[in-house]
Structure formats: C-alpha cells, structure tokens
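Spelled out, the chains give:
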Amino acid sequence: MTTPAPGAEPRVPAPPAAAGPVPAPLGTLQAQLIIAVLTYKRPEDLAVALPRLLAQARSAPVPAQVLVVDNDPDGGARATVAAAGDSHLVYVHEPRPGIAAARNRALREAYAVADLLAFIDDDEVPSEQWLDRLSALQKESGATAVVGPVLSEYEVQPDEWITAGDFFRRRRLATGSVLSVAATNNLLLDLNRIRSLGLEFDERFGLSGGSDTLFSRQLVRAGGKMLWCDEAAVVDRVPASRLTRRWVLLRAFRSGNCHSRVALATSPTAGARAAARIRLLGPGTVRCAGGGARWLLGALLRSPAHNAKGLRTAARGAGMVTGAFGYVFSEYKRK
C-alpha cells in the first residue's frame, strides 16, 4: 500500500470499534465484477439507485453484484438493502468517518473475489448500458481504469445565476481519450492492476474530499492507463439544497483547496513541497485577482455569466492559496 510522502502528516489511525454487537453482513460477495455504491444517510436516493444497479448486475457480461458500503455510524442503509432482498446485493457497514475509508472498504471487499470494481455515487443512476460500456472498453484496451461522464438532473430549476456560471457542467471527451485525473463517481478499476500498484485511498482526505483525485493521479504516475468512455454516462440527481450560491461557491473553494493539497501530497520531499507551494500560489493568486475583476465587470454590465464565473474562479483561486499554506477545508465534516 502507498505511504505518506516523507515529512507529510501521518495517516490518522482508525477510531476504536463501537461497543456492542456488529450486525452481520447482508449477502456474500462471490462475483467477478463488483458495483460499489458508497452511502451516507441517503436512504431515499439509495432506494432509487438500487433497482437500476441490480438490473445492470444481472445483465452484466460476467457474474456481477452490487456492494453497498454504508458509512453511516448508525448503519442507516441496512434496512433499505434488506428491503431489496436480492441475491445480487451485498451490504457492509464501514463506521469509520470519511468517504476514503468507505472507498478502501470497497477495495478490500472486492479484492477477495473480483477482477473489476465499478464505483458510483448513491445519488446517481446509471444509463441503460453503463456497466457494459465501461467493462467492454476495459476488456478491449486493458486499461487500469475507465471513466465515464456525469450528467446533472435538477430537483428544481436552477436560478439564472447558477445556470450562467456553469457550476454543474462537466467534461465530455471522445471515447478512448487518455486521462490524468478522475473522480470515483463513475469509475471502473482493474483490481489486479490496482493491487499490483499498491494503491489505496488516502484517508487524510476523508472529510475534505480529494482522495479520489489523489488516487487517480497516483495511478497514472505509477504507469496505469486511464481512459474515457463517453457512452457510459450516469445521471447525478442534484437536490435543491445544492442549488444555492453559497453551496456552489464553497464547492469551487473546496475544489481549489483539494487541488493544492493533492499537489503537495504527491511531492516526495520537503524541497519538492516548497517548490509546489510556490507554483500553486502564483496561479491561485491570479485566479483570485482575475475572478474578482470579472465579477466586477459582471456587476457593471449586469451580466450574470461574468458575475458568476468570476466568483467561481476567485473561489477556486482562494482555495488553491489556502491549500498551499496547509489549510484543510472539510466539506464533509460531521457534527
């Protein structure tokens, strides 16, 4: 497994297990391909996603199962999984806080039986041939990882400012395009290759986000090949609570903050980290200044696009600067 770079902060040890009996798992993994859906206190979203994921598992080209990794300390998703009552469905409880711990639990569970592991979020639903498309490209290319697009579907219509700022617009590439970074919201991994590279998700990023960014960058740096599959789309169902100016700007800030922290985490020496900080401060400062100027232009011209995109750029730049100085923005901090 990978270890922190010399001089980096040590990995935080797992907290002691809670007292009392541990619920038995629901189902047993025994498939070549595992679809891992990580969940935290979203029973309604999970109930929508599971039937569609199970349909894909049943029709997959190789034996497949759906693995629900419940990151809720109270195990709140257990009842939803039990209600589904399907042999293709397996539940495990990972009470250690943070999505990186849940991702690592999915890796450990899948390593025991499977060759392939597909990650998808609990608030996403797959397109009709999602799994077939991902696995077909992986088989054809021998890629270590295959990544697909994420399309947004809104609970309520976003206001003009958010639409003009393109806050939920994500990349689309030609199938077969080579990538250097990816998230886990639509990702297929060759587990044999991942195991040989000794990769895991860094749990220092568990409550801040960014462990998938670091993982994918480490994958590519270690010689792994990561390809885009544009036909393997999933739909992200965006709730009204995320369609606010505060939420989208904090997400832009977090993105910049994680960008800097990942750059520092992949710098192997104190000298390299010092050089990385200097490289990050320049672009981060430019983004702050340029974004502020564009916001001002938007105010003068009464242009929602300039206003929103300017603030988005400035927020990401501020995140980059603070991350370069070691500040950790924990978007997923639990109360």
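The paragraphs below set out a description of the structure included in this document. (Residues numbered from 1 in each chain as written. Predicted model: local features only at pLDDT ≥ 70, side-chain atom pairs only at ≥ 80, totals over all residues. Heavy atoms only, no water.)

Another aspect to go through is the environment of T184. For T184, the position within the fold is in the loop between α5 (160–164) and β8 (186–190). On the basis of relative accessible area, T184 is assigned to the buried category, the value being 2%. In sequence terms T184 and D121 are 63 residues apart; their C-alpha atoms lie 7.8 Å from each other. When residues no more than four places from it in sequence are discounted, the contact partners of T184 are R103, F119, I120, D121, F201 and D212. Here the side chain of T184 touches R103 through a polar contact of 2.9 Å, side chain to side chain. (Helix = DSSP H or I, 4+ residues; strand = E, 2+ residues; numbered from the N terminus. Buried < 20%, exposed > 50% of the residue type's maximum accessible area, 1.4 Å probe, protein only. Contact = heavy atoms within 4.5 Å. Polar contact = N/O pair within 3.5 Å; in protein donor to acceptor, adjacent residues only side chain to side chain.)

If you trace the three strands from one edge of the open sheet to the other, you get β5-β10-β7, paired in mixed fashion. Edge positions in the sheet fall to β5 (124–126) and β7 (150–154), since each has one partner strand and no second. Direction aside, the axes of adjacent strands within the sheet are offset by 30° on average. Pairing analysis gives five bridges linking β7 to strand β10 (residues 234–238), with the strands arranged parallel. Looking at β10, one finds that Y154 is bridged to V238. Along the sheet face, helix α1 (residues 43–59) touches β5 and β10 and points at about 20° away from the line of β5. (Pairing = 2+ DSSP bridges. Axes fitted to C-alpha atoms, helices over the stretch in contact; angles between N-to-C directions.)

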